[in-house]
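# Observations on chain architecture
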Amino acid sequence: MTEYETILVDRKGRVGIITLNRPKALNALNTELMTEVVAAAKAFDRDPEIGCLVVTGSEKAFAAGADIKEMQENAFPEVYLDDWLAPWDELSRLRKPVVAAVAGYALGGGCELAMLCDILIAADTAKFGQPEIKLGVIPGIGGSQRLTRAVGKAKAMELCLTGRMMGAEEAERAGLVSRIVPADELLAEAMATAETVAAMSAPAAVMMKESVNRAFETTLAEGVRFERRLFHAAFATADQKEGMAAFAEKRPAEFTNR
Ligand code: CO8
């Protein structure tokens, strides 16, 4: 497996695991880490043996944001011409589902990275926030957009304008996270969720993810039309025949991802 400097990469069965690993900087997201996360995620996405990804950090921090020390001298012409941070957008184009397992700080880019994932599971220690305003900037990889879609305008405005952090319970109430688990069970719970997803028919899981995401990109009528087309297409897969036969025969389905 490829060697990385700022992340750990592992696989268990059909689950690919990316662990952010810059402990001295609370997993601050520097350029090297961005390049490595995107490369590792794309490699798992291409790998037919992988059905779901998990992205996680440490007990203390999922990620405390973009690396402030690295970016503090950045200047407009360079960042604009280089389209700085654009590689992060590639995570939103991954086809396989991604579970974020968040403990501790998920701030700024860290919160944005968690929101780039599909299922967000939080430890009871998780703290989410978009504190960029305190640094004289605003979120740069989708925070103002995805947080607003997740928790609504009122709470997103307040969090983004004040930089206040919210804990796991508030985040769950607001709809940012799917559930909260005790910190020492976070990885096991995230893995169990990812294994469940990875055991589904891969074409159905990819269709499912595409269809849910479409809800954020289009009108209701267009979204329903899109879902209907994929639903019809699912009947072209062997897994549809297997899934329904298994139900009728009262046995577990054995999907072949075809
Ligand atoms: N960048 C660089 N270094 C950091 C960062 C960071 N974001 N966060 C923490 N560190 C470093 C600290 O400088 C410190 O290093 P050192 O030991 O060398 O002094 C080490 O990590 C430990 O941090 P603290 O001593 O501060 O730990 P505390 O437990 O006292 O505090 C906090 C934890 C509250 C999380 C605090 O570290 C903090 O406020 N961090 C900054 C949070 C922040 O403002 N994040 C937003 C950054 S801006 C951003 O994300 C812009 C998004 C745009 C695009 C994103 C692309 C990825």
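Just so it is clear, the model here is predicted, and its values are computed rather than measured. (Residues numbered from 1 in each chain as written. Predicted model: local features only at pLDDT ≥ 70, side-chain atom pairs only at ≥ 80, totals over all residues. Heavy atoms only, no water.)

With that out of the way, let us pick up the site of the ligand. Around the ligand sit 25 residues in total, of which Lys-60, Ala-64, Ala-66, Lys-69 and Gly-109 are the nearest. For the ligand, an oxygen atom lies 2.8 Å from a polar atom in the backbone of Ala-66. Between Ile-68 and the ligand, the recorded distance is 2.9 Å, taken from a backbone N or O atom to a nitrogen atom. Sorting the residues of the shell around the ligand by element identifies helix H2 (68–71), strand S6 (105–107) and helix H4 (109–116) as the ones contributing at least two each. Counted by class, the shell around the ligand contains 15 nonpolar, four polar and six charged residues. (Near = heavy atom within 4 Å. Polar contact = N/O pair within 3.5 Å; in protein donor to acceptor, adjacent residues only side chain to side chain. Helix = DSSP H or I, 4+ residues; strand = E, 2+ residues; numbered from the N terminus. Nonpolar A, V, L, I, M, F, W, Y, C, P; charged D, E, K, R; others polar.)

In terms of burial, strand S5 (residues 98–102) is largely enclosed, as five of its five residues are buried. Both faces of S5 are covered, namely the face carrying Val-98, Ala-100 and Val-102 and the face carrying Val-99 and Ala-101. In this sheet, S5 lies alongside strand S3 (residues 52–56) in parallel orientation, the contact comprising four bridges. Following the sheet pairing, Val-54 is matched in S5 by Val-99. Sheet topology places S5 next to strand S7 (residues 119–123); four bridges connect them, and they run parallel. Pairing of Val-99 across the sheet is with Ile-119, part of S7. (Buried < 20%, exposed > 50% of the residue type's maximum accessible area, 1.4 Å probe, protein only. Pairing = 2+ DSSP bridges.)

Bringing helix H9 (residues 202–214) into the picture now. Here H9 is 13 residues long and its end C-alpha atoms lie 18 Å apart, about the 18 Å a rise of 1.5 Å per residue gives. By the burial criterion, the buried members of H9 are Ala-205, Val-206, Met-207, Lys-209 and Ser-211. Where H9 is buried, its residues touch S5 and helix H10 (220–234). (Expected span 1.5 Å × (residues − 1). Contact = heavy atoms within 4.5 Å.)

Turning our eyes to something else, we now look at the pattern of salt bridges. Within the structure shown, the criterion is met by 13 salt bridges. Asp-67 is the salt-bridge partner of Arg-22, the closest N and O atoms lying 2.9 Å from each other. Residue Arg-22 is located in the loop between strand S2 (15–20) and helix H1 (31–46), and its partner Asp-67 is located in the loop between strand S4 (61–63) and H2; the two are separated by 45 residues in the primary sequence. Considered together, Arg-22 and Asp-67 belong to a single accessibility category, that of buried residues. Across the salt bridge formed by Arg-225 and Glu-222, the nearest N and O atoms sit 2.9 Å from each other. A residue pair is termed a helical-turn pair when its members lie 3 or 4 positions apart in one helix, as Arg-225 and Glu-222 do in helix H10 at three residues. Look at Arg-225 and you get partly exposed, because its relative accessible area is 45%. Several salt bridges share partner residues, and in doing so they unite Lys-155, Glu-158, Arg-164 and Glu-170 into one network. (Salt bridge = Lys/Arg side-chain N within 4 Å of Asp/Glu carboxyl O.)

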